[in-house]
Amino acid sequence: MSAATHRALVRRAPDRLGRTLVDVAEVPTPALEPGDALLAPVVAGICGTDWQILRGLRDDPTPVLGHEGVAYVVEPGDTGIAPDTAVTVNPTHPDDPSFLLGHNLPGLWAERTRIPASAVRAGLVVPVPETAVHPRPAALAEPLASVLYGLRTALQLVRPVSLVVWGDGIVGRLAAQVWPRELPGLRVLLVGHGDGAVRPDDAALPDLLAGLPGPVAALIATPRTGTRDALRAVERQVPGTLVVDVHAGLPSGPVELTAGPVDVAAVRAEHCGGAPWPPRAKTFTRPPGPLHLHGHRGVSGDHIREAVALLTAPGEAVGADLLTHEVDLTEAAELVNTVLTTRRRVAGGRRVLKAAIRTAAGERR
């Protein structure tokens, strides 16, 4: 049986500046309903969506965030998976919007996480090899799976010669590493604010976009506040055939494109949890050439397994430069609160790209 309480990184109420700081707290271990599984997270990632929630840019209600990571099974419920097996969790249910791990249900920034039976039955608890119980694969598997999903979808439509990655966070930088592996010779233009990226306000950017050889693929991986502007810039300035993966979220309602007003959020929502497959992109006529538009919320278990295999392959270096911080729960609280109070993505003198939180769950199983 599991302990009656466990430690978790818990959000405080928003302060007068709208920031949601965090504390390490002892919280009750959740009671299980029939079919539920109980996991002991070992490593969990901090992702860009988590930062948006903490900054008050999203209204996700759970007090415990975290939707990326690797855990051990404590109580298997109806998973059919043996206790002590290493697993990850696909955080997005393809059919049930009430399950969104680390958003509307307590996530993996804790020593115990309950996975409800509906998610268990949907196969969202995914066994992984023991080699995945390490910071880099644990923290990067879910975002890499999303990149692979977008890549596989694009290749159903065109074989791009160029790739625009708008947003140089983890998803964007993983895409810039992984797409050329599968498409040798692919020309990559990274747009963002970090090293090696062209800034969105750079006067040369429109000409760089217009000069890309086609067909061109674009991955929009900005914070949700920048999605519309990034999409409009790419769609207006890239000539010829263009296929766009709207990875980033955005508010519902029409976005004015040269192809006309398009409810991009609705297009993105048509693909959830890896379904349907083959994907159903929307094609629009525009003066510079056809626009193939798609997006997705969540990935499939197959995408996650492919990502884990890539990250744990002997000698594999995907994402090796992206994991900038490894912290325990107490250190994680300090890192998160430092970034939020200083308004700078810097901790310990280094820019925070991806942080991995280690828990003591393995010792308490």
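Notes on the structure follow. These figures come from a predicted structure and were not determined experimentally. (Residues numbered from 1 in each chain as written. Predicted model: local features only at pLDDT ≥ 70, side-chain atom pairs only at ≥ 80, totals over all residues. Heavy atoms only, no water.)

## Quick look at the packing of helix 3 (residues 135–155) against helix 8 (residues 301–312)
Then, number 1: Where helix 3 meets helix 8, the closest approach of the two axes is 7 Å, and the angle between their N-to-C directions is 120 degrees. As summarised for this structure, helix 3 and helix 8 are arranged oblique, according to the angle between their axes. Crossing handedness for the pair helix 3 and helix 8: right-handed. Counted together, Arg136, Pro137, Leu140, Ala141, Leu144, Ala145, Leu148, Tyr149 and Arg152 of helix 3 and His303, Ile304, Glu306, Ala307, Val308, Leu310, Leu311 and Thr312 of helix 8 form the full contact between these two elements. (Axes fitted to C-alpha atoms, helices over the stretch in contact; angles between N-to-C directions. Helix = DSSP H or I, 4+ residues; strand = E, 2+ residues; numbered from the N terminus. Parallel < 35°, antiparallel > 145°, perpendicular 65-115°, else oblique. Left-handed = near helix turned anticlockwise from the far one by under 90°. Contact = heavy atoms within 4.5 Å.)

## Observations concerning unusual backbone geometry
Then, number 1: The peptide bond linking Gly214 to Pro215 adopts the cis configuration, its omega dihedral lying at 0 degrees.
Then, number 2: Within the secondary structure layout, Pro215 lies in the loop between helix 5 (205–210) and strand 10 (216–220).
Then, number 3: Its identity is not glycine, yet Asp84 carries a phi of approximately 75 degrees, on the positive side.
Then, number 4: Here Asp84 is to be found in the loop between strand 4 (69–75) and strand 5 (86–89).
Then, number 5: The phi torsion at Arg343 lies on the positive side, around 60 degrees, for a residue other than glycine.

## Remarks on the packing of helix 3 against helix 4 (residues 170–182)
Then, number 1: One way to put it is that helix 3 packs onto helix 4 with a least axis distance of 9 Å and a crossing angle of 50 degrees. The angle between helix 3 and helix 4 places the two elements in the oblique class. Helix 4 is crossed by helix 3, and the crossing has right-handed handedness. Of the residues in helix 4, those touching helix 3 at Leu140, Pro143, Leu144, Val147, Leu148, Gly150, Leu151, Arg152, Ala154 and Leu155 are Ile170, Val171, Leu174, Ala175, Val178, Trp179 and Glu182.
Then, number 2: Of the residues assigned to the contact of helix 3 with helix 4, the class counts are 14 nonpolar, one polar and two charged. (Nonpolar A, V, L, I, M, F, W, Y, C, P; charged D, E, K, R; others polar.)

## A look at the pattern of salt bridges
Then, number 1: What the rule picks out here adds up to 14 salt bridges.
Then, number 2: The partner of Arg286 in a salt bridge is Glu235, with the nearest N and O atoms 3.4 Å apart. Here Glu235 lies in helix 6 (residues 227–237) and Arg286 lies in the loop between strand 14 (282–284) and strand 15 (291–295), a separation of 51 residues in the sequence.
Then, number 3: The exposure class of Arg286 is buried, given its relative accessible area of 4%.
Then, number 4: Here the salt bridges do not stand alone but share partners, grouping Arg152, Glu182 and Glu306 into one network. (Salt bridge = Lys/Arg side-chain N within 4 Å of Asp/Glu carboxyl O. Buried < 20%, exposed > 50% of the residue type's maximum accessible area, 1.4 Å probe, protein only.)

## What about the sheet that holds strand 9 (residues 187–191)?
Two orientations exist for strands paired in a sheet by backbone hydrogen bonds: parallel and antiparallel.
Then, number 1: The six strands are arranged 9-8-10-11-15-14 in an open sheet whose pairing can be described as mixed. Looking at which strands have only one partner, the edges of the open sheet turn out to be strand 9 and strand 14. The average angle at which neighbouring strand axes cross in this sheet is 20 degrees, direction not considered.
Then, number 2: In this sheet, strand 9 lies alongside strand 8 (residues 162–166) in parallel orientation, the contact comprising five bridges. In the strand pairing of strand 9, Val164 is matched with Leu189.
Then, number 3: Packed on one face of the sheet, helix 4 meets strand 8, strand 9 and strand 10 and runs near 165 degrees to strand 8. (Pairing = 2+ DSSP bridges.)

## Points about the environment of Arg7
Then, number 1: Within the element layout of this structure, Arg7 appears in strand 1 (residues 5–11).
Then, number 2: The class for Arg7 is partly exposed, based on a relative accessible area of 25%.
Then, number 3: Taking the C-alpha atoms as reference points, Arg7 and Gly301, separated by 294 residues in sequence, lie 28 Å from one another.

## Thoughts on helix 4
Then, number 1: The first and last C-alpha atoms of helix 4 sit 19 Å apart over 13 residues, in line with the 18 Å expected at 1.5 Å per residue.
Then, number 2: All of the buried residues along helix 4 are Ile170, Val171, Gly172, Arg173, Leu174, Ala175, Val178 and Trp179. (Expected span 1.5 Å × (residues − 1).)

## Focus: the packing of aromatic side chains
Then, number 1: Applying the stated criterion across every chain yields a total of one aromatic pair.
Then, number 2: Ring centres of Tyr149 and Trp277 lie 6.1 Å apart, and the angle between their planes is 50 degrees; on these two criteria the pair is classed as tilted. Taken together, the positions of Tyr149 in helix 3 and Trp277 in the loop between helix 7 (264–269) and strand 14 put the pair 128 residues apart, joining distant regions of the chain. (Phe/Tyr/Trp six-rings, centres within 6.5 Å; stacked < 30°, edge-to-face > 60°.)

## Remarks on the pairing of strand 3 (residues 37–46)
Then, number 1: Summarising burial for strand 3: 10 of the 10 residues are buried, a large majority.
Then, number 2: In this structure, strand 3 lies alongside strand 6 (residues 113–115), joined through three bridges in antiparallel fashion. Each residue of the ladder has a partner; that of Leu39, found in strand 6, is Thr113.
Then, number 3: As paired elements, strand 3 and strand 4 share six bridges and run antiparallel to each other. Paired with Leu39 across the bridge in strand 4 is Val73.

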